[in-house]
Amino acid sequence: MYIPALALFSVFILYPFIKGIQISFTNWDGYSQEYGWVQVDNYIRMLKDPIIGNTIKNTFIYGIGSTFFQNLVGLMYALLLNQSIRMRGLTRTIIYLPVIISPLIMGYIWYFFFQYNGGALNDIILLFAKEPINLLANDKINVWLITFVNTYQYLGIAMVIFLAGLQTIPKDYYEAAQIDGATKFSQFIHVTWPLLAPSVTINIVLNLIGGFKLFDVVVSLTGGGPGYASASLSTLMYQLYFARQDAGYAAALGNLMFVIISIISISSLYFLRRKEVSS
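Note that the structure is a prediction, hence the values are computed from the model and not measured.

S.K.: Talk me through the overall build of the protein chain; I want residue IDs and the actual numbers.
M.R.: Summing up its helical and strand segments, the protein chain has 13 helices and zero strands in all. Along the chain direction, N to C, the helices and strands of the protein chain fall in the order α-α-α-α-α-α-α-α-α-α-α-α-α. For the protein chain, with 279 residues in total, the buried portion stands at 40%. A separation threshold of at least 6 residues defines the contact pool for the protein chain, and within that pool the share at least 24 residues apart is 68%. About 16,300 Å² of surface is accessible on the protein chain, with carbon and sulfur atoms providing 68% of the total. With 16 positive and 13 negative side-chain charges, the protein chain shows a spacing of 7 Å between the two charge centroids.

Here's what the structure looks like:
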């Protein structure tokens, strides 16, 4: 029964992964039938490349920033929508709806909001100022705008996972806490939060993986620009392969991204699982 799944895994994941490692030691351009072995030159080049440092920094902002805000806002929505309030089901649906939209389309929707000429935000600004603001070209702001858009799109997933966790907590625990005189805040700290630990683990690990490999929103909002100011590792790999025909170097960068995501996600999973046990 395992053979079909293993076959698919081997063909579409394991083989490309091994092939990518092999390509990272070559100077292949991505199209030619011929290529030469360059040993570890691509990895040495990576260490000297001035673009890589800023790209890794951006990748960490997308990964850790999106994870923080998605979990914070998702938990707040889950706590609110776990109460008996009017139009609760409709509100849950509205918050979750962005998840089903293509990330590329979502990026373009927000692009039309933030763009310099004719953007909805600048139309509002021009009512009170003389000049529009080019937010997407500002390398100190556009990274955070991308993080905001990614958070907005996927916080619905965090909300649903937290809601599922909240609904598994027995109400008897809250009744016992109320009898002991615990405030709502104390109930959250000593009852809700410890019992939500499995949901927190799932959300953090999924959000970290999704944020670190962010691609579509970056491409649609800024294209990684200006220059490479807002590029992530994923978008830089894309540009190296298709625009600069530097497949060997792109593969080396892909291996670096794999190592970063693996180390951080596995470490986070191990740490959070231990917290679940101790809780």
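S.K.: Please give an account of the side chain of T55 that cites residues and values.
M.R.: Relative to the helices and strands, T55 resides in helix α3 (residues 50-81). Not counting the four nearest positions on each side in its chain, T55 is found in contact with A231, S232, L233 and L236.

S.K.: Go over the layout of surface pockets, please, and point to the residues and values.
M.R.: To find leftover empty space, one rolls a probe the size of a water molecule over the atoms. Estimated volume of the largest pocket: approximately 590 Å³. Surrounding the largest pocket, 14 residues form its lining, N82, Q83, Y174, K184 and T192 being those nearest its centre. Those elements that place two or more of their residues in the lining of the largest pocket are α8 (171-179) and α9 (184-195). When residues in the lining of the largest pocket are grouped by element, the largest group, four residues, is from α9.

S.K.: If you had to explain the packing of aromatic side chains to someone new, which residues and values would you point to?
M.R.: Applying the stated criterion across every chain, the model contains 17 aromatic pairs. Between W110 and F148 the ring centres are 5.1 Å apart and the planes differ by 85°, which places this aromatic pair in the edge-to-face class. Placement of the pair is W110 in helix α5 (residues 103-114) and F148 in helix α7 (residues 142-166), with a sequence separation of 38 residues. For F148, a relative accessible area of 39% puts it in the partly exposed group. Linked through ring pairs, W28, Y31, F215, Y238, Y241 and F242 together constitute an aromatic cluster. Looking at R45, its charged tip hangs above the ring of Y249, at a distance of 3.8 Å from the centre.

S.K.: Outline the packing of α3 against helix α10 (residues 197-212), supporting the account with residue identities and numerical values.
M.R.: Look at α3 against α10: their axes get within 8 Å of each other, and the N-to-C directions meet at 145°. The way α3 lies across α10 gives a crossing that is right-handed. On α10, the residues touching T59, F60, Y62, G63, I64, T67, Q70 and N71 of α3 are N203, I204, N207, L208, G211 and F212. Of the residues in the contact of α3 with α10, the class split is six nonpolar, eight polar and no charged.

S.K.: Tell me what's going on with the side chain of N203, and back it up with residues and numbers.
M.R.: Mapped onto the secondary structure, N203 falls in helix α10. You can call N203 buried: its relative accessible area is 1%. Side-chain polar atoms of N203 contact the backbone oxygen of A158, separated by 3.4 Å.

S.K.: How would you sum up the environment of F212? Please name residues and give values.
M.R.: Within the fold, F212 resides in helix α10. F212 gets classed as buried once you look at its relative accessible area, which sits at 2%. Considered as a pair, F212 and I61 are 151 residues apart in the sequence and their alpha carbons are 8.4 Å apart. Those residues in contact with F212 that lie beyond four places of it in its chain are T59, F60, G63, I64, M257, I261 and I264.

S.K.: Before we move on, can you summarise a nonpolar patch on the surface with the specific residues and values?
M.R.: On the surface, a nonpolar cluster with roughly 1,100 Å² of combined accessible area is contributed by L8, F9, V11, F12, I13, L14, F17, I18, I21, F258, V259 and I263. The set of elements that each furnish at least two residues to the nonpolar patch consists of α1 (3-23) and α13 (247-278). Among the elements that make up the nonpolar patch, the one with the highest residue count is α1 (nine residues). Structurally, L8 can be placed in helix α1. On the accessibility criterion, L8 (53% relative accessible area) is exposed.

S.K.: Provide a residue-level description of the environment of L195, including the pertinent values.
M.R.: As for its position among the elements, L195 is in helix α9. Taking relative accessible area as the criterion, L195 reaches 36% and is therefore assigned partly exposed. Distance in space between the C-alpha atoms of L195 and Y111 is 39 Å, their sequence separation being 84 residues. If near-sequence neighbours (up to four positions away) are discounted, L195 is found in contact with I169 and Y173.

The rules we used
Residues numbered from 1 in each chain as written. Predicted model: local features only at pLDDT ≥ 70, side-chain atom pairs only at ≥ 80, totals over all residues. Heavy atoms only, no water. Helix = DSSP H or I, 4+ residues; strand = E, 2+ residues; numbered from the N terminus. Buried < 20%, exposed > 50% of the residue type's maximum accessible area, 1.4 Å probe, protein only. Contact = heavy atoms within 4.5 Å. Areas by Shrake-Rupley, 256 points an atom, 1.4 Å probe, with all protein chains shown as cover. Lys, Arg positive; Asp, Glu negative; His and termini not counted. Charge placed at Lys NZ, Arg CZ, Asp CG, Glu CD. 1 Å grid on protein atoms, 1.4 Å probe; cavity = no way out; pocket = protein on both sides within 12 Å on 5 of 7 lines; lining within 4 Å. Points joined across faces, edges and corners; volume = space filled by probe spheres on them. Phe/Tyr/Trp six-rings, centres within 6.5 Å; stacked < 30°, edge-to-face > 60°. Lys NZ or Arg CZ within 6 Å of the ring centre and 35° of its normal. Axes fitted to C-alpha atoms, helices over the stretch in contact; angles between N-to-C directions. Left-handed = near helix turned anticlockwise from the far one by under 90°. Nonpolar A, V, L, I, M, F, W, Y, C, P; charged D, E, K, R; others polar. Polar contact = N/O pair within 3.5 Å; in protein donor to acceptor, adjacent residues only side chain to side chain. Patch = residues over 30% accessible without salt bridge, like charges linked within 9 Å, V, L, I, M, F, W, Y side chains within 5 Å. Salt bridge = Lys/Arg side-chain N within 4 Å of Asp/Glu carboxyl O.

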